[in-house]
Amino acid sequence: MRKYKAKLGIIVPSCNTVLEHDFHKMIYGQDISFHATRIKMTEDTKEQIENLIKDVPNAAALLKDAGVDIIALGCTAGSFIKGVDYDKKIIGLIEKKTQLPATTASTSVIKALKELGLSKISVATPYEPWVNEKLAGFLRGHGVEVVAIKGLGIRKDISGIPPNKILNLIKEVDVPESLGFFISCTDLRSAEVINVIEQKFGKPVVTSNQALLWCMLKTLDVKITINGYGRLLQFT
């Protein structure tokens, strides 16, 4: 059997077509594998986001069958929607079911923001206002001040949003007091513009997928450098 530096297991919403593509590109040539299983979600409605948790334990058990080293819930909203400790509840469910270390997209983002010292941030999302309110509360509950936040008001087909729209949204939330940017959602093509934003605005960028990969590797103590996806991945 081939030996890898790490085998990453990811639970992906069924509508998501970006997360796996981003991971493929970011870990290409690093002798790291990732393995995904899907749970039902077709759009960002309150009911569907909140119901994700019901399928998490069984999805995690399937990933354990693949011999992965760590398991993550690859949905940002699905791991912050019910408040500050909701991500910890999900992590607990995964770890109890599999006896493997676990994380979530939201957990990873908080750790990434702290790693980069980003205590005041601007936030860009594809979400409707009610989801943004939940996200801002989650971030503030973890000691991160949200100085600006704006969403595109989209609940489905998020992967179809072109990167230039993300850049335009960043322009709208960029304010002098912001130390950096967080771009939320694992189904948003934000990884493609991380370097562009960092170079243009001179501030660090954290995205859901970038932070998720960083956190999984850091948890496993896998020390590699991944170029092309922002300052955060220079810390691995």
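Worth saying up front: this structure is predicted, and the values here are computed from it rather than measured.

K.L.:
I tried to follow the pattern of salt bridges on my own but got confused; where do I start?
P.N.:
Close approach of charged atoms lets side chains of opposite charge pair. Per the stated rule, a full pass over the model turns up 8 salt bridges. For R189, the salt bridge identified is with E192, shortest N-O distance 2.7 Å. With its nearest N and O atoms 2.3 Å apart, the salt bridge here joins K223 to D221. Residue K223 is classed as exposed on the basis of its relative accessible area of 64%.

K.L.:
What is the right way to read the side chain of E128 from this model?
P.N.:
Locating E128 in the fold gives a position in the loop between strand 5 (120-125) and helix 6 (129-141). Owing to a relative accessible area of 16%, E128 belongs among the buried residues under this scheme. In terms of polar contacts, E128 uses its side chain to reach the side chain of W130, at 3.1 Å.

K.L.:
Would you mind going over unusual backbone geometry with me for this structure?
P.N.:
Generally, phi is negative for residues other than glycine and the peptide bonds are trans, each holding for most cases. At Q99, a position not held by glycine, the phi torsion is positive, near 60°. Relative to the elements of secondary structure, Q99 occurs in the loop between helix 4 (86-98) and strand 4 (102-104). In this structure, D221 is a non-glycine residue whose phi angle is positive, near 60°. Within the element layout of this structure, D221 appears in the segment after helix 9 (208-219).

Criteria and thresholds
- Residues numbered from 1 in each chain as written.
- Predicted model: local features only at pLDDT ≥ 70, side-chain atom pairs only at ≥ 80, totals over all residues.
- Heavy atoms only, no water.
- Salt bridge = Lys/Arg side-chain N within 4 Å of Asp/Glu carboxyl O.
- Buried < 20%, exposed > 50% of the residue type's maximum accessible area, 1.4 Å probe, protein only.
- Helix = DSSP H or I, 4+ residues; strand = E, 2+ residues; numbered from the N terminus.
- Polar contact = N/O pair within 3.5 Å; in protein donor to acceptor, adjacent residues only side chain to side chain.

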